[in-house]
Amino acid sequence: MSVLFTSTSPDNPVKKEDAQLLLNDLGLTIAPEEVDDFHTLLAAVHDCAEDVSKLPDYQPVPDISRYPRQDVRRPGPEEQVFGQAWAHRFLIEGNKEGGSLAGKTVSLKDCIAVAGVPQLLGSDVIPSWTPTTDATVVKRLLDAGVDILGTSTCENFCHSTGSYTSAQGTVENPHAAGYSAGGSTSGGAALVAGGVVDITIGGDQGGSIRVPASFCGCVGLKPTHGLVPFTGITSGDAVNDHAGPLARSVQEVALCLDAISRYDGIDDRSLSSPRPGTTTFAQTLQTEPARLEGFNIGVLKEGFEHSAVDPTVRSCVMAAVQRFKELGAVIEEISLPEHLHGPAIWTIQQRIAGSMSLLGHAHGRHGLYMTELDGARLPWTDEGFQRAFPATKNVIINGLYLASRFPGLYGKTMNIGRRLRDLYENIFENHDVVVMPTTPVIASRHGKRGLPLESVRPSMGLTINTAIFDVTGQPAMSIPVGFASAKDNVDVQLPVGMQIVGGLWQDSKVLRAGHAWETNFDWKDNRYTIN
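Values in this document were obtained by computation on a predicted structure and should not be read as measured data.

Of regular secondary structure, the protein chain possesses 17 helices and 15 strands. On C-alpha atoms alone, the protein chain measures out to a radius of gyration of 24 Å, which is about the 24 Å that the 2.2 N^0.38 rule sets for 531 residues. Projected onto its principal axes, the C-alpha positions of the protein chain cover 80 × 50 × 45 Å. Looking at the protein chain as a whole, 55% of its 531 residues qualify as buried. With the model as given, the accessible surface of the protein chain reaches about 22,000 Å², and the carbon-plus-sulfur share is 54%. Each charge class in the protein chain was averaged separately, 43 positive and 59 negative side chains, and the resulting centres sit 5 Å apart.

In this structure the tally under the stated criterion is eight aromatic pairs. Summarising the aromatic geometry, the rings of Phe 157 and Trp 380 are spaced 6.2 Å apart at their centres and angled 45° between planes, so their arrangement reads as tilted. Pair noted here: Phe 157 is in the loop between strand S4 (147–152) and strand S5 (172–173) and Trp 380 is in the loop between helix H11 (371–377) and helix H12 (382–387), with a separation of 223 residues, a long-range link. An aromatic cluster is defined as three or more aromatic residues linked by ring pairs; in this entry it consists of Phe 157, Trp 380 and Phe 385. Over the aromatic face of Trp 86 sits the side chain of Arg 89, whose NZ or CZ is 4.1 Å from the ring centroid. For the cation-ring pair, Lys 393 lies above Phe 385, with the distance from its terminal atom to the ring centre recorded as 5.6 Å.

Before going further, it helps to examine the environment of Leu 271. Residue position: Leu 271 is located in the loop between helix H6 (250–260) and helix H7 (281–287). For Leu 271, a relative accessible area of 53% puts it in the exposed group. Sequence separation between Leu 271 and Val 250 is 21 residues, and the spatial gap between their C-alpha atoms is 26 Å.

Let us now look at the packing of helix H3 (residues 136–143) against H6. Look at H3 against H6: their axes get within 8 Å of each other, and the N-to-C directions meet at 115°. Relative to H6, H3 is oriented roughly perpendicular. Every pair of crossing elements has a handedness; the one defined by H3 and H6 is right-handed. Residue-level inspection shows Val 137, Arg 140 and Leu 141 of H3 in contact with H6, the latter providing Cys 256, Ala 259 and Ile 260. Among the residues making up the contact of H3 with H6, the classes are represented as five nonpolar, no polar and one charged.

Summed over all chains, the structure comprises 25 salt bridges. For Asp 470, the salt bridge goes to Arg 210, with nearest N and O atoms at 2.7 Å. Of this pair, Asp 470 sits in helix H16 (residues 468–472) while Arg 210 sits in helix H5 (residues 210–216), placing them 260 residues apart in sequence. Assigned by exposure class, Asp 470 and Arg 210 land together as buried. Notably, a salt bridge pairs Glu 288 with Arg 512, separated by 3.6 Å at the nearest N-O pair. Linking Glu 288 in the loop between H7 and strand S10 (296–300) with Arg 512 in helix H17 (residues 507–520), this pair joins segments that are 224 residues apart in sequence. By relative accessible area, Glu 288 is classed as partly exposed at 28%.

This brings us to the side chain of Ser 478. The residue Ser 478 is located in strand S13 (residues 476–486) in this model. At a separation of 2.9 Å, a polar atom in the side chain of Ser 478 contacts the side chain of Thr 438. Once you skip the residues sitting within four places of it in the chain, Ser 478 turns out to touch Arg 210, Ala 213, Ser 214, Cys 218, Val 219, Gly 220, Thr 438, Gly 497, Met 498 and Gln 499.

With that out of the way, let us pick up the domain arrangement of the protein chain. Domain boundaries assigned for the protein chain yield domain 1 (16–54) and domain 2 (69–528). Taking only C-alpha atoms, the centre of domain 1 and the centre of domain 2 are 43 Å apart.

Turning our attention to the side chain of Ser 160. Along the chain, Ser 160 falls in the loop between S4 and S5. Polar contacts involving the side chain of Ser 160 include one to the side chain of Ser 459, which spans 3.2 Å. Once you skip the residues sitting within four places of it in the chain, Ser 160 turns out to touch Glu 155, Thr 165, Gly 183, Ser 184 and Ser 459.

Moving on to the nonpolar core. Grouped together as the largest cluster of nonpolar side chains are 112 residues, with contacts concentrated most on Phe 324, Met 498 and Leu 511. If we ignore the near neighbours within four places in the chain, the residues touching Met 498 are Val 317, Ala 320, Val 321, Phe 324, Val 435, Met 436, Thr 438, Met 477, Ser 478, Ile 479, Val 481 and Trp 517. If you look at the next biggest cluster of nonpolar residues, it comprises 15 residues, including Ala 85, Val 171, Val 192 and Val 197.

Here we take up the pairing of strand S12 (residues 433–437). Buried residues dominate S12, accounting for five of its five residues. Relative to S12, S10 runs parallel, the two being bridged by three bridges. Residue pairing across strands places Ile 297 opposite Val 433, the latter belonging to S12. Sheet topology note: the S12/strand S14 (residues 489–501) ladder contains four bridges and is antiparallel. The partner of Val 435 across the bridge, within S14, is Ile 500.

A few words now on the UniProt feature "domain: Amidase" (unreviewed entry) in the protein chain. The feature "domain: Amidase" (unreviewed entry), as given by UniProt, occupies residues 95–511 in the numbering adopted here. Secondary structure content for residues 95–511 is 33% helix and 18% strand, and the end C-alpha separation is 27 Å.

On to the pairing of strand S2 (residues 86–92). Among the seven residues of S2, six are classified as buried, and the element is accordingly described as predominantly covered. Pairing of strand S1 (residues 70–73) with S2, which is carried by two bridges, proceeds in the antiparallel orientation. Looking at the pairing, Gln 70 lines up with Leu 91 of S2. In the sheet, S2 pairs with S4 via four bridges, with the strands oriented antiparallel. Bridging across to S4, Arg 89 finds its partner in Gly 150.

Cut-offs used in this document
Residues numbered from 1 in each chain as written. Predicted model: local features only at pLDDT ≥ 70, side-chain atom pairs only at ≥ 80, totals over all residues. Heavy atoms only, no water. Helix = DSSP H or I, 4+ residues; strand = E, 2+ residues; numbered from the N terminus. Rg over C-alpha atoms; globule rule 2.2 N^0.38 Å. Buried < 20%, exposed > 50% of the residue type's maximum accessible area, 1.4 Å probe, protein only. Areas by Shrake-Rupley, 256 points an atom, 1.4 Å probe, with all protein chains shown as cover. Lys, Arg positive; Asp, Glu negative; His and termini not counted. Charge placed at Lys NZ, Arg CZ, Asp CG, Glu CD. Phe/Tyr/Trp six-rings, centres within 6.5 Å; stacked < 30°, edge-to-face > 60°. Lys NZ or Arg CZ within 6 Å of the ring centre and 35° of its normal. Axes fitted to C-alpha atoms, helices over the stretch in contact; angles between N-to-C directions. Parallel < 35°, antiparallel > 145°, perpendicular 65-115°, else oblique. Left-handed = near helix turned anticlockwise from the far one by under 90°. Contact = heavy atoms within 4.5 Å. Nonpolar A, V, L, I, M, F, W, Y, C, P; charged D, E, K, R; others polar. Salt bridge = Lys/Arg side-chain N within 4 Å of Asp/Glu carboxyl O. Polar contact = N/O pair within 3.5 Å; in protein donor to acceptor, adjacent residues only side chain to side chain. Domains from an automatic or database assignment. Core = buried A, V, L, I, M, F, W, Y, C linked by side-chain atoms within 4.5 Å. Pairing = 2+ DSSP bridges. UniProt positions renumbered as here; feature names shortened; annotations may be inferred.

And the structure:
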């Protein structure tokens, strides 16, 4: 390591005791004879930081002239649907010359940057902030010909799988008001399932695409980690950041995936993704037979038999799995006991890294850092912390505790997560996909904001089958396979989702299995009563 300089400006604010004060909480001390030198070095790095702070940021420049933002506004009550599904309304018309998604309408989860459109992040901890750039997926969608109609509500800092935590209001399930739409891509899932837009782009760090897809009755894909660049999307942690589409059919999901995937020259998550223009997900679905002869499907025992899985959800998904046999597929029960460790592994990884991201300490990756958001959010104040939803407070408290009391645990957690990935990859050597319920239950009545446990309890356990694949990075998709009656009202019928998981970079197999099922069977014909 070399030091660029040690001279300091005369108004440098660093005091001689500051270096020792920084070390006090760690129980470390500076030897008396070293105090002056470390003071000089710390003052020098302060001057360096001041110089860098004055440099202009480097954000991608959006093509506003080609894709102007029209009539950006917060929607009034007369424009809202499904409770508070819209965050902002506007219109950006896509490529006039057409494209693979010409004629499609899109909403974007309100954590995806759109230049000139205020972003709320489902929170009131800070005022809305306005990005100056477009996320990569936004540019690619517009180039493919879509019209973007607005941003859709996400849950509070994306920290819930319910749909009642956004500071802007509750999102209603499109099949029954009063019931959860899932989260954190709550508004987008409701808009898609309710027929308001064709496609939404969501983010998934623990199930935030697949849970709302399951609850609302649409298709939601979390692609292989890095297949879709995360540039311009608010990060939970680069290790489990995923962006992907929700739509009403697998074919539409595949079309969208072709448009938004591949490396963008910025996000190192997508370094290994296919070269631009080389994916053929949609074309492959159109040319492959609608049957699955020779396709081997593993039925994960632990995914079905977990105590949290409602018996009727289990029955509904198992009945859907058995229908693969009618398409020529081979069905085989498999077991991976380590799957049950998934929630704990995800929790440790997400709490430590998630808290660092919230506190502005994310580092170590090449990509677009959302410096404008950090400027609005940091430093945290007690006033802002008190307004935060309890799940966000819990991430910060848990992360700080784990980092201080269990040093080195994050690294071990990442190693164990890699082991789980490898165990699954071993399964995919003999099975094309693995299936299980997406969520252990169907949508329940909305929770409410109160004391911490009361606030977070409705989301507990919903990601027992989804979160692990954010750690392993393998592609996972939820498709609707039936309806089940609500626990509190047998006359209310709500969707049931089946999760289809594939090997790394085997997204096409996941899509093929889902497309074959939905092509041959109508999920709306399958209705079950909760026991």
